[in-house]
Every structure is written in structure tokens, then in C-alpha cells.
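# What the coordinates show
So the chains spell out like this:
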Amino acid sequence: MLLAQKSKFGTAKTISPIVMQLLSPARRFRRVQYLSAIILIIAVLAALLWSNSPWASAYFSLWQTPVSVGFGSSQFNKPLLLWINDALMALFFFVIGLELKRELLAGELSNSRKALVPLIAAMGGIAAPAFVYLAVVVYSGGGEALRGWAIPAATDTAFAIGLLAAFRDRVPLSAKVFLTTFAIADDVAATLIIAFFYSGALNYPSLVTVCGLLAAMMFCNLLGFRNISVYAVLSLLVWGAVLESGIHPTIAGLLCAFFIPAFRRLEPTVFVERAREVLNGFESSLGDYEPRSHSTQAQQAQFSTLEKMAVEVQTPLQRLENGLHPWVAYIIVPIFIFANAGVALQSQDHSLLELAIHPVSVAVIAGLAIGKPAGIFLATWLAVRSRIFALPDGMSWRHLLGVSFLGGIGFTMSVFIISLAFGAGHGGGQGVGHAAASAEMIGQAYAHHGGSALEASAGKLGVIIGSALAGLLGFACLSFKKKHTQSGDAPTRQDRGRVGIEYRDRAARRDIATLNSSSEAVS
């Protein structure tokens, strides 16, 4: 009976409006992102201050502290930095996968017509900055800097949405949904780029193990298993297998997210009826005096029943996303930024000016502040000009331009790709998923891709400057507003109708005034 009510991955075949509301916590998502953006700014400033203070050596050596985790004969020995980048960031990608699956089921991506315009914008926002980066680097001589072509290709969802949330009602909801949709698509595309271009030599037996574990997760889903612990254990095993496969282990997070059940055991209407019965029973059990520290056995049973029903009326996907999203936004991503954003702006090896004019830095700045906004805007403009697609309701070209600039804020994912392409930039390379390498090597030698601390530091400085420029330009564009239709916004059909009515009213009043004056003259 349960299987007949679910599709391939256990999702309900028909989604009621109540379910859609529960599966689309857009307001809470934007609220968390707004506060997360503030925390990320603090983490960036703290990392820069510490890495350029008299205690800078303590900052850089902290992330090289060896940390060993093992069970029996299996031992993983990595620097602390790599545990952050390989393990904690897997949770970050897991939440991205949950968000994507929710959007596909009951969000903007569930409507193909509405989803296509943000997806087209995302494709333009990935291709254009990569082209700009490569053009700048090739003009400067190419070399090892070419490895960073994907650095400006991703949008930092927390920063972009957090800054857009500051406008509150001054920016239409459609613009916020548009930014959220293409930012999620951006993150998924960046994940695929990491999987295909920033991974090591493949270990095929481990890949077979990964496929088997994912098949086990799908089998559990089809059988109706909803216990999150089962999927947590299987996801951990998938992460370990991906770590040994040669693919970057953070990809495991995105893969596992798609096999988390998105069906409920209890329909909302049934939940309301049963909950009302339990609450009525609880209310009738109350006496004139209830001790604050004591509940009867019957009341405890009623509490347990309510808790069980509250779990059954939610999907496991919804519970995991709601539970993990604040942890990722407030703790995991800030820790990652704090560990990776440190750049020694002045050192014996290089100066601030040398970093600022380095080809990697210039290419990243151009890619984020010019290539990314241009790609998003032009791709959307071409789609709308084809007359097959249209801008979302209430969204003007000015809003699109501002959102396009906000798409150029590429902090978290850009720094992550820097660590894959060039290493961490302070003696600790970012691993690409080799278990053998992680067990034998520490620090820069562990990085699969070559590079130098200079290129990594230049890339990080470019990300900071480029993201700041894109954010400021986006903020200025969205803040600029003139009265009525004299602004840069194209007048809507309602605006044109209202203007026409006002014009006819003024003409009628003028004709009446002319007739009155004529009659007075005759008399």
C-alpha cells in the first residue's frame, strides 16, 4: 500500500498545497541566510586580522595539526584543515542536495517553465566568468594559473541572499526567488565541476562500492524506511568509499541527499484531526491544580503520541534540512571560511601589490565583478528576447541587473575551488579524495593539483575584492529608484493602464472647465 503511493524515490505522486507549503520554507531559508552572511563577514575579517597579526604563525600552524581517526586497521590521518574541507564541507554539499531535491519536488524547479529562466541565467553565469578568467590568464602568459578557471564560476548563496534580504519589501519576492533558484543551480554546477575537473585518479573498485551503497539507500527509500539513523550510517559509508575512489569526498554529500525520503506517513488533515483528539483528552485530564514538576502517566502517553505524529507528518527530507541548515550556515561554513580565508598580505615572499596585480587575482576580480553579472544578465536577456520566456512577475530589468551583480559574490565556493586548484595557500594543500595520500602525506604534498602559496593567496585576495565590488554594485543598482515609470524599469501593463486612465480623467476635467468658462462668458 505504501509503495503504491510513492514514485521512484518515495515522493508522493500528488502534492497538496499544504505539503507544498511545508516543503518550501523560503522565508526561513532567507532569514537564516541573512544572519549567516553577517557571521561569514565576521569570519573573513577575523581570518584576515589573525593571519596578518604578530601571531600569524599560530594561525597557519593550527590548521596543520595532525588529526587521526580510525577503526581497527582503517586509519585516516589528515591535517585539521583537510578534515574541515573534506568532512565538514560534505555536510554543506549534503544540505545543498536537500535544497535542490526540495526545489525539484515542490519549489521553483518543479515548474519547468518557471525554472528554465533561472537555469539559463545560471548557465550564463558559469560560462562567462570562466571565459573571462581564462582570457585574462592566457593574456598574462597562462601556466599554472589556468587551473583556477572555475574559481569565479559559483555564487555564494548565503552572501548573495543575505544582502538581498536587507532590501526587505523594496525588492519583489520574484527577484529573491530568482536569485535563490539560480544560486542553488550554481552550487550544483560547481559541485559537478569539482567532481569532473578537480578529482584524482579513479579507483574503480571503490566506485563500485559507492554505487552499491547508493543502491542500498534507494532500496531503503522504496521500502518505506524513514529512520534518519539508517541513512546517516549509509551516508557515512558512502563518504568513506568516495574518499577512496579518487573523487572529492564532498561529492558524497550531494549524492546521498537525493536518496533521503521525501514522503510522509501521516497526511496533514489526518494529523489535525488526531492531534485535536489528543489535545482534547489532555485538556479533560487537567484538574484545578497541576503541579509544575509532575505529569500523569496518561499525559506522558499523550505527549509521546503528539511527538510521534509530529514526526510522521513531516518528511525526513524536511526534518533534515530544517535541522542541518542552521548548523551549516552558522557553524560549518564560518569555520571553513575562518580556516581558509587567511591571507598574509605582507610577507617576505610577496607584497600586497604583488598579490593584487598577480594574473590569478586580476582574473578572479574580472570574472566575479564583470564576467559573472554579464553572463547572468545577457543569458536572461537573450532568453526573454526570444519571446519564449519572460521575466518573473514583478521583476524589472533593473532588478535583474542588481541580482546579476549579487550573483558575482562568490566567496565560499570560490575559496573552496582555490584550495583544490592551488592548495590552501598557507602550507596545507586541499586533498582531492585519496585515502592513501591522506594517510601518508601532510600539508602541501597532499594537494593533487600543483600550485603555489602565491597563487592561492592571490586568488583569495581576488575573491575578496571581486565579491566586494560585485556586492556593492548590486546594492547600488537595487537601491537606485526613481518615481513612477521614469525609472529605468519598463512600465508594466498595469502601469500603462493606470497612466491612460489618469490621462483621460485629466482631459475630461479640462473639457468640463472649458465648457463652464464658455457658459459664463455667454451669460
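Note that residues are indexed from 1 along each chain, following the sequence as it is written. The predicted origin of the model limits local features to residues at a pLDDT of at least 70 and limits the giving and counting of side-chain atom pairs to 80 or more, whereas totals for whole chains, interfaces and linings rest on all residues. The side-chain numbers reported here are obtained from all heavy atoms of the structure, hydrogens and water having been left aside.

### Observations regarding the overall build of the protein chain
Let me state the cut-off plainly: The numbering of helices and of strands both runs from the N terminus, where a helix is a DSSP run of H or I of at least 4 residues and a strand a run of E of at least 2. Every residue pair with non-hydrogen atoms within 4.5 Å of one another is taken to be in contact. Each accessible area is a Shrake-Rupley result for a 1.4 Å probe, and residues are judged covered by the shown protein chains and nothing else.
Along its length, the protein chain carries 20 helices and two strands. Excluding contacts between residues fewer than 6 apart, the proportion of contacts in the protein chain whose partners are at least 24 apart in sequence is 80%. Just so you have it, the protein chain exposes about 25,300 Å², and 65% of that area is on carbon and sulfur atoms.

### Regarding the environment of Thr250
Rules: A 1.4 Å probe rolled over the protein chains alone gives each residue an accessible area, and that area as a share of the maximum for its type sets the label: buried under 20%, exposed over 50%, partly exposed in between.
Along the chain, Thr250 turns up in the loop between helix 9 (228-245) and helix 10 (251-257). Relative accessible area serves as the criterion here: at 0%, Thr250 is assigned to the buried category.

### Looking at the packing of aromatic side chains
Threshold: When the centres of two rings from Phe, Tyr and Trp lie within 6.5 Å, Trp using its six-membered ring, the rings pair. Their planes under 30 degrees apart give stacked, over 60 give edge-to-face, and anything left gives tilted.
This model, assessed by the stated rule, comprises 14 aromatic pairs. With a centroid separation of 6.0 Å and 80° between ring planes, the pair formed by Tyr59 and Phe338 is classed as edge-to-face. With a gap of 279 residues between them, Tyr59 in helix 3 (residues 56-62) and Phe338 in helix 13 (residues 316-340) connect regions that are remote in the sequence. By relative accessible area, which is 0% here, Tyr59 ends up buried. For Phe338, a relative accessible area of 22% puts it in the partly exposed group. Relative to Phe338, the ring of Trp63 has its centre 5.8 Å away and its plane inclined at 85°; by these criteria the two rings are edge-to-face.

### Examining the packing of helix 17 (residues 411-422) against helix 19 (residues 453-479)
What counts here: Here an angle of 0 to 180 degrees is reported between the N-to-C directions of two axes, which are lines fitted to C-alpha atoms, with helices fitted over the stretch in contact. An angle below 35 degrees is read as roughly parallel, one above 145 as roughly antiparallel, one from 65 to 115 as roughly perpendicular, and any other as oblique. By the definition used in this description, the sense in which the near helix is turned from the far one sets the handedness, with an anticlockwise turn below a right angle giving left-handed and a clockwise turn giving right-handed. Each residue receives one of three labels: charged for Asp, Glu, Lys and Arg, nonpolar for Ala, Val, Leu, Ile, Met, Phe, Trp, Tyr, Cys and Pro, and polar for the others, Gly being one of them.
Between helix 17 and helix 19, the least distance of the axes is 10 Å, while the angle of their chain directions is 165°. With respect to each other, helix 17 and helix 19 are oriented roughly antiparallel. The interaxial crossing formed by helix 17 with helix 19 has right-handed handedness. Touching Phe411, Ser414, Val415, Ile418 and Phe422 of helix 17 are Glu455, Ala456, Gly459, Lys460, Val463, Ile464 and Ser467, all from helix 19. Looking at side-chain class alone, the contact of helix 17 with helix 19 contains seven nonpolar, three polar and two charged residues.

### Considering the nonpolar core
The cut-off we apply is this: In this description, a nonpolar core means a group of buried Ala, Val, Leu, Ile, Met, Phe, Trp, Tyr and Cys residues linked to one another through side-chain atoms lying within 4.5 Å.
If you look at the biggest cluster of nonpolar residues, it comprises 121 residues, and the most contacted ones within it are Tyr133, Ile194, Met217, Val238 and Ile337. Element by element, the count of residues in this core is highest for helix 4 (residues 80-106), at twelve residues. If sequence neighbours within four positions are ignored, Tyr133 has contacts with Ala145, Leu146, Gly148, Trp149, Ile151, Pro152, Val360, Ala363, Val364 and Phe422.

### Overview of the side chain of Lys78
Operational definition: Identification of polar contacts relies on pairs of N or O atoms within 3.5 Å, with a donor-acceptor requirement for protein atoms, meaning one able to donate a hydrogen and the other able to accept it, and with residues adjacent in sequence counted only if both atoms are side-chain atoms.
When you line up the elements, Lys78 lands in strand 2 (residues 74-79). Within the local environment of Lys78, its side chain forms a polar contact with the side chain of Asp86, the two groups lying 2.7 Å apart.

### Notes on the confidence of the model for the protein chain
Any residue range with low pLDDT should be treated as having predicted coordinates unsuitable for detailed reading. The cut-off we apply is this: Confidence of the predictor at the level of single residues is given by pLDDT, which spans 0 to 100.
Per-residue confidence for the protein chain averages 77 on the pLDDT scale, and 77% of its residues sit at or above 70. Element-level mean pLDDT values for the protein chain span from 34 in helix 18 (residues 435-440) up to 94 in helix 15 (residues 359-385). Here residues 1-16 is a poorly scored stretch, pLDDT under 50, and it has 31 contacts once near neighbours within four places are set aside; other chains count. Confidence drops under a pLDDT of 50 for residues 427-450, and excluding neighbours within four residues, the segment shows 90 contacts in the predicted structure.

### Some thoughts on the pattern of salt bridges
We apply this condition: Salt bridge, as used here: a side-chain nitrogen of Lys or Arg that lies within 4 Å of a carboxyl oxygen of Asp or Glu.
On inspection of all chains with the given rule, the structure shows five salt bridges. Note that Asp86 and Lys78 form a salt bridge whose closest N and O atoms lie 2.7 Å from each other. Here Asp86 matches Lys78 in class, with each residue buried. Close ionic contact of Glu321 with Arg102 constitutes a salt bridge, the shortest N to O distance being 2.7 Å. Taken together, the residues span a long stretch of sequence, with Glu321 in helix 13 and Arg102 in helix 4 at a distance of 219 residues.

### Overview of helix 15
Helical periodicity: at 3.6 residues per turn, an α-helix aligns residues three or four positions apart in one direction. Condition: Throughout, bend refers to the angle between the axes fitted to the seven residues that end at a position and the seven residues that start at it.
The principal kink in helix 15, of about 40°, is found at Gly367. Phi turns positive, to about 70°, at Arg387, one or two residues after helix 15.

### Considering a nonpolar patch on the surface
We count it as follows: Two joining distances apply to patches: 9 Å for like charges and 5 Å for nonpolar side chains (Val, Leu, Ile, Met, Phe, Trp, Tyr), and every residue must have over 30% relative accessible area and no salt bridge.
A surface patch of nonpolar side chains, amounting to about 260 Å² of accessible area, comprises Leu35, Ile38 and Ile42. Tracing the sequence through the fold places Ile42 in helix 2 (residues 26-51).

### Side note on unusual backbone geometry
Even without a glycine there, the phi angle at Arg387 is positive, about 70°. Among the structural elements, Arg387 can be located in the loop between helix 15 and helix 16 (397-406).

### Here's the deal with the environment of Glu108
Note on placement: Glu108 falls in the loop between helix 4 and helix 5 (112-139). Here the alpha-carbon distance between Glu108 and Phe178, two residues 70 residues apart in the chain, equals 8.6 Å. When sequence neighbours within four positions are dropped, the list of residues in contact with Glu108 reads Glu103, Lys114, Ala115, Val177 and Thr181.

### Notes on the side chain of Glu312
Its location among the elements puts Glu312 in helix 12 (residues 297-312). With near-sequence residues (within four places) excluded, Glu312 lies in contact with Arg226, Arg264, Arg265 and Leu266.

### A closer look at the packing of helix 11 (residues 268-285) against helix 12
Between helix 11 and helix 12, the least distance of the axes is 10 Å, while the angle of their chain directions is 165°. With respect to their mutual orientation, helix 11 and helix 12 come out roughly antiparallel. The way helix 11 lies across helix 12 gives a crossing that is left-handed. Along the contact surface, helix 11 presents Phe271, Arg274, Ala275, Val278, Leu279, Gly281, Phe282 and Ser285, while helix 12 presents Gln299, Gln302, Phe303, Thr305, Leu306, Met309 and Ala310. Partitioning the contact of helix 11 with helix 12 into residue classes produces nine nonpolar, five polar and one charged.

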